[in-house]
Amino acid sequence: MPSPPQPARAVIVMGVSGSGKTTLGRALAAHLGWAFLDADDLHPPRNREKMARVEPLTDEDRQPWLETLHARLAAHVQAGNPLVLACSALKARYRRTLTGDLDGVALVFAHGPRDVIAARMQGRNHFMPPSLLDSQFAALEPPAQAIFADIRRPVAELVPGIAAALRGP
Ligand SMILES: Nc1ncnc2c1ncn2[C@@H]1O[C@H](COP(=O)(O)OP(=O)(O)O)[C@@H](O)[C@H]1O
Ligand SMILES: O=C(O)[C@H](O)[C@@H](O)[C@H](O)[C@H](O)COP(=O)(O)O
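In this text, all values refer to a predicted model and were calculated from it rather than measured experimentally. (Residues numbered from 1 in each chain as written. Chains lettered and ligands numbered in written order. Predicted model: local features only at pLDDT ≥ 70, side-chain atom pairs only at ≥ 80, totals over all residues.)

### Some details on the overall build of the protein chain
Here is step 1 of the chain: Within the protein chain one finds seven helices and five strands.
Here is step 2 of the chain: If you list the helices and strands of the protein chain from N to C, you get β-α-β-α-α-β-α-β-α-α-β-α.
Here is step 3 of the chain: Against the 2.2 N^0.38 benchmark of 15 Å for 169 residues, the protein chain shows a C-alpha radius of gyration of 15 Å, consistent with a compact globule.
Here is step 4 of the chain: For the C-alpha atoms alone, the extent of the protein chain along its principal axes is close to 40 × 35 × 25 Å.
Here is step 5 of the chain: Classification of the 169 residues of the protein chain by burial places 35% in the buried group.
Here is step 6 of the chain: Relative to all contacts within the protein chain whose residues are 6 or more apart in sequence, the contacts with residues 24 or more apart total 80%. (Helix = DSSP H or I, 4+ residues; strand = E, 2+ residues; numbered from the N terminus. Rg over C-alpha atoms; globule rule 2.2 N^0.38 Å. Buried ≥ 20, exposed ≤ 12 C-beta atoms within 10 Å, placed from the backbone. Contact = placed C-beta atoms within 7 Å.)

In structure tokens, the structure reads:
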């Protein structure tokens, strides 16, 4: 994934389940006045059912979902309608599928300690069982280049820094 392009036309907020992608992505989109899309909302029913059975998704499970997300991202970029996409995007190859040959897609990595994330997952009502968190960390390939967001900090503090990083030096 290249360094943040100038100007960014889309942002992917990535991280394991419960890392705060949705919360941070929504707040960032509101701050920027951009559209927001939660990749969770596009999981096919069989993927949601699988996770609810406490079975991690495989590469094959995720591939069609990632292709659908790429098409949505491409439509926004090509229409000049910038988008914040919250998506786990755990592996480098998933991020390559999401971005494809699109220019101007920046990456934000929502990262934090496992215990903080586990506690937050226990406190919400969601189809994703907290017991899948270890499989999420096992699949995670942290990005070499991204805007790093430490999710121990409040979202309201994180958003202006991310927006500034998107604008570039
Ligand atoms: N920076 C933060 N500080 C405190 N709580 C947070 C923060 N980010 C997210 N949360 C809370 O953590 C939980 C998981 O966040 P969520 O956005 O649903 O994560 P994800 O989309 O990555 O699964 C939610 O209950 C949310 O309110
Ligand atoms: O690739 C995956 O394994 C899933 O996308 C997973 O990472 C995602 O986290 C779930 O869809 C639960 O949704 P939340 O991210 O909102 O917990």
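### Brief notes about the site of ligand 2
Here is step 1 of the chain: Taken together, 14 residues are adjacent to ligand 2, and Ser 17, Asp 40, Leu 57, Ser 88 and Met 128 come closest.
Here is step 2 of the chain: Residues of the shell around ligand 2, tallied by class, amount to four nonpolar, seven polar and three charged. (Near = placed C-beta within 6 Å. Nonpolar A, V, L, I, M, F, W, Y, C, P; charged D, E, K, R; others polar.)

### Observations concerning the site of ligand 1
Here is step 1 of the chain: Neighbouring residues of ligand 1: 15 residues in total, closest Gly 20, Lys 21, Thr 22, Thr 23 and Arg 120.
Here is step 2 of the chain: Looking at the shell around ligand 1 residue by residue, the classes come out as four nonpolar, eight polar and three charged.

### Regarding the packing of helix 3 (residues 59-79) against helix 4 (residues 92-99)
Here is step 1 of the chain: With their axes 7 Å apart at the nearest point, helix 3 and helix 4 run at an angle of 40 degrees to one another. When helix 3 is examined against helix 4, the residues Arg 62, Leu 66, Glu 67, Leu 69, His 70 and Leu 73 are found in contact with a partner set consisting of Tyr 94, Thr 97 and Leu 98.
Here is step 2 of the chain: Residues belonging to the contact of helix 3 with helix 4 are distributed by class as follows: five nonpolar, two polar and two charged. (Axes fitted to C-alpha atoms, helices over the stretch in contact; angles between N-to-C directions.)

### Describing helix 4
Here is step 1 of the chain: Along helix 4, the residues classified as buried are Tyr 94, Arg 95, Leu 98 and Thr 99. All buried residues of helix 4 lie within an arc of 125 degrees about the axis, which places them on one face of the element. (Arc of directions from axis to C-beta.)

### With respect to the environment of Glu 60
Here is step 1 of the chain: The residue Glu 60 is located in helix 3 in this model.
Here is step 2 of the chain: Note on Glu 60: 7 C-beta atoms within 10 Å, which makes it exposed.
Here is step 3 of the chain: When the C-alpha atoms of Glu 60 and Asn 47 are compared, they prove to be 11 Å apart, with 13 residues separating the residues in sequence.

### Concerning the environment of Ala 86
Here is step 1 of the chain: Mapping Ala 86 onto the fold places it in strand 3 (residues 83-86).
Here is step 2 of the chain: Beyond its immediate chain neighbours, meaning those up to four positions away, Ala 86 contacts Val 13, Lys 21, Thr 22, Gly 25, Asp 38 and Ala 39.

### Overview of the nonpolar core
Here is step 1 of the chain: Counting 39 residues, the largest nonpolar core has Val 11, Ile 12, Val 13, Leu 85, Cys 87, Val 108 and Ala 149 as the members making the most contacts within it.
Here is step 2 of the chain: The dominant element in this core, judged by the number of residues it contributes, is strand 4 (residues 105-111), at six residues.
Here is step 3 of the chain: Residue contacts for Val 13: discarding those within four places in its chain leaves Lys 21, Leu 24, Gly 25, Leu 28, Val 84, Ala 86, Val 108 and Ala 110. (Core = buried A, V, L, I, M, F, W, Y, C linked by C-beta atoms within 7 Å.)

Geometric values such as these leave the question of function open.
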